[in-house]
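The primary structure of each chain is shown beneath.
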Amino acid sequence: MTFAPPQSVKAILGPTNTGKTYFAIERMLAHPSGMIGLPLRLLAREVYQRCVERVGEGAVALVTGEERIVPARPRYWVCTVEAMPTDIRVDCVAIDEIQTAIDFDRGHVFTDRILNARGSSETLLLGAATMAPVIKRLLPHCEIIDRPRFSQLTYAGSKKISRQPTRSAIVAFSARQVYAIAELIRRERGGAAVVMGALSPRTRNAQVELYQNGDVDFLVATDAIGMGLNLDIHHVAFADDSKFDGHTSRPLTPAELGQIAGRAGRHARNGTFGVTGGTEGFDEEMVVALETHDFDPIKVLQWRNNQLDFSSINALRDSLEMTPEHRSLTRVPIAKDQHALEFVSRNEAGQLARGLDGARLLWECCQIPDYQGISPANHGEIVTRIYSDLVKRGKVNEDWIAEQVRFCDNASGDIDTLSNRIKQVRTWTFVANRKNWLADPSHWREKTRDIEDRLSDALHERLTQRFVDRRTSVLLRHLKDKRMASPEINERGEVRLEGHLIGTLEGFRFTLARNDGDVDIKGLRSAADQVVAPEIHNRADRLAGAPNEEFVLATDGRMRWKGDIVAELIEGDALYRPRILMLADETLTGTDLERVQERLSLWLRHHINTVLESVMALEAPADLDGAARGIAFQLFEHLGLIPRSQVADEVKNLDQDVRGKMRKLGIKFGAYHIYLPLSLKPAPRELALILFALKHGGVRQPGVTDIPHIVLSGRTSFVVDPEVDTRLYEIAGFKVAGKRAVRVDILERLADIIRPLIALDPTRHQGELPAGAAEGNGFRVTVEMTSLLGCSGEDFASILNSLGYRVKRTPKVAAPAVASEATAEAPALEEVLAENPASVDAVDEAPVEAVTADVAPSVEADIPATTVVESAPETAESVPAAPAEPEFDEVWSPAGKRVDAKRHDHRRRPEGEGQAKRPERNQRPTAPRRPEGEVQDLTKARHLNPKPKFEGKGRNDNRRPADQQGDKARFERPREERKEKAFDPDSPFAKLAALRDRKAE
């Protein structure tokens, strides 16, 4: 490097945002060759890319401590200040950020370049205006050019971290502080990028890009941003105003604060600065200094002798200890390379440094940077091992360096672990870039570079995962850039923006996806609402013009459009006019909301009028008047179904013509209900249930959503839920009968089956009796009945009881067996017969209000039908088989009916005609319903003589002797001939009869 005349040296001085670096690049590229020294590897890479874009890769070289890209014939060299080659002649030399010459660690290198690095045509020194006095003293013939700032810088005072404006850089001076602030920004504002000097250049580049492209609006950084990084920062906030400089913790100087604060504002856009995080506000004098960039000038630069004596280690140490002759220079404190030299010189490796080459090589090894920040002794051991291998072997042992590199090749772990590995691999990257230190330097350069890149990418990913909410950052960027792609909405309603789940959209309601740690939900919600607002508007347009087929009213009272819930019904002024409550966010407003409500209201009116068409026609039927019109209106009020007992008097007075008119309107007069059969279908009943529930307890009460599913299942009866209002079953088309709810039309069909059986007189009937026929106005339960209702046993009995029927239970008598089938049981059976010659105790009768059962046919044994035979006492000689469960004959009759009552005429009576005529005077009335505990209607059985209630009433002829009276009434079967029925030949009664016949012979 040649030294140009003094008049060719120019100092371009001024605050930040004056375009100094840009000016230097332009001047360098205007010369045939040039070199620029920059303070950071990151900045060197940025300038390298800019130069490559201008002149091509083949003309530009990049040389840093850990990276070396040198084409065959480069014309321009972009380097870090420490890595600037001093033996290359170029036309233009530029040194950036020359105020770094005051730094204790690196200052002496910058001072050396200021004093000695020169271009053959032009030399440019770029830095702060505070360097002007010392430059004048050191370089009296240097031309100093002041450059004003492009924009103004103003003080904004103090604000909380969570209240910082967007595009802010929050500055702290330790990794712990940086991480804590970034974590808070993520929770409160969506995320922040992190820039620290300890990060690898690749990681810092990725983090800066994260901020520059708008993924995040905040940057948390150390004073590394004050060194030449060109960022789009609007505001700089100081979370601390002191730093540890490697020796002690000290407050930042006004010039250092100004260097960092000056990063706010770019080109013509003004910037602001302030404090945050508990830092005390700047006093007025400091504020004025920062706003006007008026700082105390730098008086002394760090210096170290560059004319070193390599004749021996002692001579080298002495030359490093030399003091400067100029008053503006001061000897730098002992740097890390000197500490390493001292460590090596005291051990055995120091004995290897013989002659000029030995000391020079040792000094080169001592220049290995301590990227890891380990102790001087640990760093000295690394230097010692490398120097020993170079002296003894000529190359660094590949097995040893492979082991060191392999230890770093692991991209797993947290942020701190990855950061430490990157620091370690940077050391081996530096070693791989030294000439002739390794047997295969190109392999190790690629290897270490690849590991560093992968570790850097992993570190960037960890930083992003920890300090950036991607979803929020995408939302914020979408709000700023309206040209971004529209959000994607899948069939499940998930809203994604650039692949990130923002939330879910159902109908007109947006639900923000929640992440752990979300705090500023209000801000996120506001941003997300603006993203989905266009889709809400489009949906409103589509719904306003949607056909009726796209709308559905669910059993929960909610209206759905294309499967999405958009509204729900609430109680209105009238039963058939419920109100619509829109389920939508505030984004749906104005004309969009009005159009949606109008369309839904129109559909709801159409839906009610269509599904309940037959019911709606009864509101004011033109062909009916008087009582008929009143009945029709009651059906309208009760959604097409009312109990007959409710309008029994009105129905009784209707003539046949009026009934015919009502039937034409679809009205059916049933035994238990008056209803509209068309309205009993599932869809009308479901809608009726919703409308009724809105007026009586709401659609959220038990049963409203469950009963329609039962209706759709086709079940004719089911067990009722005690927690459900019984009125809901009635509205759904079911009558609660006992423990079960029975469908109304099925109940009427049951009545149609029972009615002819009750009216049947078996004594007058010719031909085979129908199934279920019984004497005495009774009937037996048939399979047809139980199949119709889908239940049997106690459940079916509870239904009949609730309908007013009562049961008479009598034991069934077995048929006689033929004589030839007598078995060994005959003697025992004969003994039983001898002990019970005439009659035995009667069985228990049915409960109160039970009716008489059909009389069993007599057998030759003359055993009464209402008795059972008790088994003989067991003896040692006779051990009878276990008795079988007795079977009973159950006959059901309407409550209050007498067995001997005259049958009604078989003619068909007009519907609604009154019941039996009242008895005339002196005519004995039919037996009334008796209190519980008595057997009713037994007088109808002429062949039976019930036990009289009172003495001396002329009805005691058939009373049993006192010695035969027991706890239960006993009756003798009349000895009239009856049609015999076949006996079961296997029954004990049949065998008993056979034995008796044999004895009689």
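Just so you know, these numbers come straight off a predicted model, no measurement behind them. In this convention, every chain numbers its residues from 1, walking through the sequence in written order. In keeping with the predicted nature of the model, local features appear solely for residues at pLDDT of at least 70, side-chain atom pairs appear and are counted solely at 80 or more, and the whole-chain, interface and lining totals rest on all residues. Each side-chain value is derived from all of the structure's non-hydrogen atoms; neither hydrogens nor water enter the calculation.

J.: Outline the overall build of the protein, listing residues and values.
T.: A run of DSSP states H or I qualifies as a helix once it reaches four residues; a run of E qualifies as a strand once it reaches two. Both are numbered from the N-terminal end. Assigned secondary structure in the protein consists of 30 helices and 34 strands. Between buried and exposed lies partly exposed: a residue is buried under 20% and exposed over 50% of the maximum accessible area for its type, with that area taken using a 1.4 Å probe on protein chains only. Counting across all 1001 residues of the protein, residues that qualify as buried make up 48%. Across the protein, the fraction of contacts at a sequence separation of at least 24, relative to all contacts at a separation of at least 6, is 71%. Per element, the accessible surface of the protein, about 50100 Å² overall, is 48% carbon and sulfur. Only heavy atoms enter the contact rule, under which two residues are in contact if any of them lie within 4.5 Å. Residue burial considers only the protein chains on display, and all accessible areas are found by Shrake-Rupley using a 1.4 Å probe.

J.: Describe the environment of phenylalanine 244, with residues and values.
T.: By the element assignment, phenylalanine 244 lies in strand E14 (residues 242–244). Once the C-alpha coordinates of phenylalanine 244 and serine 174 are considered, the two residues, 70 residues apart in sequence, prove to be 8.3 Å apart.

J.: Residues and numbers for the pattern of salt bridges, please.
T.: For this analysis, a salt bridge means a side-chain nitrogen from Lys or Arg found within 4 Å of a carboxyl oxygen belonging to Asp or Glu. Applying the stated rule across the entire model yields 45 salt bridges. Across the pair arginine 454 and aspartate 409 runs a salt bridge, and its minimum N-O distance is 2.7 Å. Here the residue arginine 454 occupies a position in helix H15 (residues 441–467), and aspartate 409 occupies one in the loop between helix H13 (398–408) and helix H14 (415–432), the gap between them amounting to 45 residues. Under the relative-accessibility criterion, aspartate 409 is labelled partly exposed at 31%. Residue arginine 539 pairs with glutamate 535 through a salt bridge whose shortest N-O separation is 3.1 Å. Remark: glutamate 535 and arginine 539 occur in helix H17 (residues 521–544); sequence separation between them is 4 residues, near one turn of the helix. On the accessibility criterion, arginine 539 (8% relative accessible area) is buried. The structure contains a network of salt bridges with shared partners spanning Arg41, Arg45, Glu67, Arg202, Arg449, Glu452, Asp453 and Asp457.

J.: Account for helix H5 (residues 175–189), naming residues and giving values.
T.: Spanning 15 residues, H5 covers 20 Å between terminal C-alpha atoms, matching the ideal 21 Å at 1.5 Å per step. Two residues or fewer after H5 comes glycine 190, characterised by a positive phi angle close to 105°. Between the first and last residue of a helix there are one fewer steps than residues, each counted as 1.5 Å, and that sum is the expected span.

J.: Mind laying out the sheet that holds strand E25 (residues 564–574), listing which residues take part and the relevant values?
T.: At least two bridges found by DSSP between two strands is the condition for calling them paired. On the basis of which strands lie adjacent, the open sheet formed by 4 strands has the order E23-E24-E25-E26 and antiparallel pairing. This sheet does not close on itself; its edge strands, each paired only once, are strand E23 (551–553) and strand E26 (577–582). Taking each pair of neighbouring strands and ignoring which way they run, the sheet shows an average axis angle of 30°. With 5 bridges connecting them, E25 and E26 associate as antiparallel partners. Pairing of isoleucine 570 across the sheet is with arginine 579, part of E26. Here helix H18 (residues 590–611) sits on the sheet in contact with E23, strand E24 (558–561), E25 and E26, set at roughly 145° to E26. Each axis is a line fitted through C-alpha atoms, and for a helix only the stretch in contact is used; angles between axes span 0 to 180 degrees, taken between their N-to-C directions. In this fold helix H23 (residues 682–695) packs onto E23, E25 and E26, with an angle of close to 60° to the strand it touches most, E25.

J.: Kindly report on the packing of helix H10 (residues 336–345) against helix H11 (residues 355–366), identifying the contributing residues and their values.
T.: The geometry of H10 relative to H11 is characterised by a closest axis approach of 8 Å and an angle of 125° between their N-to-C directions. In terms of orientation, H10 lies oblique with respect to H11. Seen from above, H10 lies across H11 with right-handed handedness. In contact with Asp337, Gln338, Ala340, Leu341 and Val344 of H10, H11 contributes Leu362, Trp363 and Cys366. A per-class count over the contact of H10 with H11 returns 6 nonpolar, 1 polar and 1 charged. Any angle between 65 and 115 degrees counts as roughly perpendicular, while under 35 counts as roughly parallel, over 145 as roughly antiparallel, and the rest as oblique. Crossing handedness is defined as follows: a turn of the near helix away from the far one that is anticlockwise and smaller than a right angle gives a left-handed crossing, while the clockwise case is right-handed. The nonpolar class holds Ala, Val, Leu, Ile, Met, Phe, Trp, Tyr, Cys and Pro. Asp, Glu, Lys and Arg form the charged class, and all remaining residues, Gly among them, are polar.

J.: Tell me what's going on with unusual backbone geometry, and back it up with residues and numbers.
T.: In this model, asparagine 436 sits at a positive phi of 65°, which is unusual for a non-glycine residue. Tracing the sequence through the fold places asparagine 436 in the loop between H14 and H15. Even without being glycine, leucine 639 reaches a positive phi, approximately 60°. Here leucine 639 lies in the loop between helix H20 (626–637) and strand E27 (641–643).

J.: Break down the packing of aromatic side chains for me, citing the residues and quoting the values.
T.: Two aromatic rings are characterised by how far apart their centres lie and by the angle between their planes. Think of it this way: a Phe, Tyr or Trp ring, Trp meaning its six-membered ring, pairs with another when their centres are within 6.5 Å, and the plane angle makes it stacked under 30 degrees, edge-to-face over 60, tilted otherwise. As enumerated under the stated definition, the model contains 13 aromatic pairs in all. Ring geometry for phenylalanine 238 against phenylalanine 282: centres 5.8 Å apart, planes inclined by 65°, an arrangement best described as edge-to-face. With phenylalanine 238 in strand E13 (residues 235–238) and phenylalanine 282 in the loop between strand E16 (271–275) and helix H8 (284–292), this residue pair connects regions lying 44 residues apart in the sequence. Phenylalanine 282 gets classed as buried once you look at its relative accessible area, which sits at 13%. Feature note: the residues Tyr155, Phe238, Phe273 and Phe282 constitute an aromatic cluster, connected by ring pairs.

J.: Just give me the short version of a negative patch on the surface, but keep the residues and values in it.
T.: Taken together, the side chains of Asp283, Glu284, Glu285, Asp294 and Asp296 present a region of like negative charge at the surface. Structurally, aspartate 294 is set in the loop between H8 and strand E17 (301–303). A patch consists of residues exposed above 30% relative accessible area that lack any salt bridge, with like charges linked at up to 9 Å and nonpolar side chains (Val, Leu, Ile, Met, Phe, Trp, Tyr) linked at up to 5 Å. Positive charges come from Lys and Arg, negative ones from Asp and Glu, while His and the chain ends are left out of the count. Taken as the charge centre is NZ of Lys, CZ of Arg, CG of Asp or CD of Glu, depending on the residue.

J.: Hey, could you go over the sheet that holds strand E19 (residues 488–489) for me, with residue numbers and the actual values?
T.: Sheets are built from strands paired through backbone hydrogen bonds, the pairs being either parallel or antiparallel. Spatially, the 4 strands line up as an open sheet ordered E19-E20-E21-E22, and their pairing is antiparallel. The open sheet terminates on both sides in strands that have one partner only, identified here as E19 and strand E22 (509–512). Where strand E20 (residues 494–497) lies against strand E21 (residues 500–506), 4 bridges are found, and the strand directions are antiparallel. By the bridge assignment for E21, valine 495 is matched with glycine 503.

J.: How would you summarise H14 if you had to cite specific residues and measurements?
T.: Taking 1.5 Å per residue, 18 residues should reach 26 Å; H14 reaches 26 Å between its end C-alpha atoms and fits that length. Of all 18 residues that make up H14, 15 are buried, and the element is covered over most of its length.

J.: Describe the environment of arginine 331, and please don't skip the residues or the numbers.
T.: Its place among the elements puts arginine 331 in strand E18 (residues 329–331). Residue arginine 331 is classed as partly exposed on the basis of its relative accessible area, which comes to 31%. When the C-alpha positions of arginine 331 and histidine 108 are compared, they lie 8.2 Å apart, and in sequence the two are 223 residues distant. Excluding its chain neighbours within four sequence positions, the residues that come into contact with arginine 331 are Gln302, Trp303, Leu320, Glu321, Met322, Thr323 and Pro324.

J.: Account for the pairing of strand E1 (residues 9–13), naming residues and giving values.
T.: Counting buried residues in E1 gives 4 out of 5 residues, a clear majority hidden from the surface. With 5 bridges connecting them, E1 and strand E7 (residues 122–127) associate as parallel partners. Within E7, the residue paired with leucine 13 across the bridge is glycine 127. Relative to strand E8 (residues 143–146), E1 is paired through 4 bridges, and the arrangement is parallel. Looking at the pairing, lysine 10 lines up with glutamate 143 of E8.

J.: Describe in detail the packing of H14 against H15, supporting the description with residues and values.
T.: Interaxial distance between H14 and H15 falls to 9 Å at its minimum, and their mutual angle equals 160°. By the criterion of interaxial angle, the relationship of H14 to H15 is roughly antiparallel. As H14 runs across H15, the sense of the crossing is left-handed. Classifying every residue of the contact of H14 with H15 by side-chain character gives 14 nonpolar, 4 polar and 7 charged.

J.: Requested: an account of the side chain of threonine 16, with residues and values cited.
T.: When you line up the elements, threonine 16 lands in the loop between E1 and helix H1 (20–30). For threonine 16, a relative accessible area of 6% translates into the label buried. A distance of 3.0 Å separates the side chain of threonine 16 from the side chain of arginine 149, its partner in a polar contact. Definition of a polar contact: a pair of N or O atoms within 3.5 Å, with one able to donate and the other able to accept a hydrogen when the atoms are protein atoms, and with sequence-neighbouring residues admitted only if both atoms are side-chain atoms. A distance of 2.7 Å separates the side chain of threonine 16 from the backbone oxygen of glycine 262, its partner in a polar contact. For threonine 16, the contacting residues outside a window of four places in its chain are Arg149, Gln259, Gly262 and Arg263.

J.: Any chance you could break down the nonpolar core for me, citing the residues and the numbers?
T.: General note: in soluble globular proteins, nonpolar side chains tend to be found buried as a group. As used here, the term nonpolar core means buried Ala, Val, Leu, Ile, Met, Phe, Trp, Tyr and Cys residues forming a set that is joined through side-chain atoms within 4.5 Å. If you look at the biggest cluster of nonpolar residues, it comprises 72 residues, and the most contacted ones within it are Phe508, Met559, Tyr576, Leu600 and Leu639. It is H23 that provides the largest number of residues to this core, a total of 8 residues. Ignoring anything within four residues of it in the chain, the contact list for methionine 559 reads Val552, Leu553, Asp564, Ile565, Val566, Ala567, Glu568, Leu569, Ile580, Leu600, Trp603 and Leu604. In terms of nonpolar packing, the next biggest core, distinct from the first, is built from 60 residues, Ala237, Phe310, Val405 and Leu463 among them.

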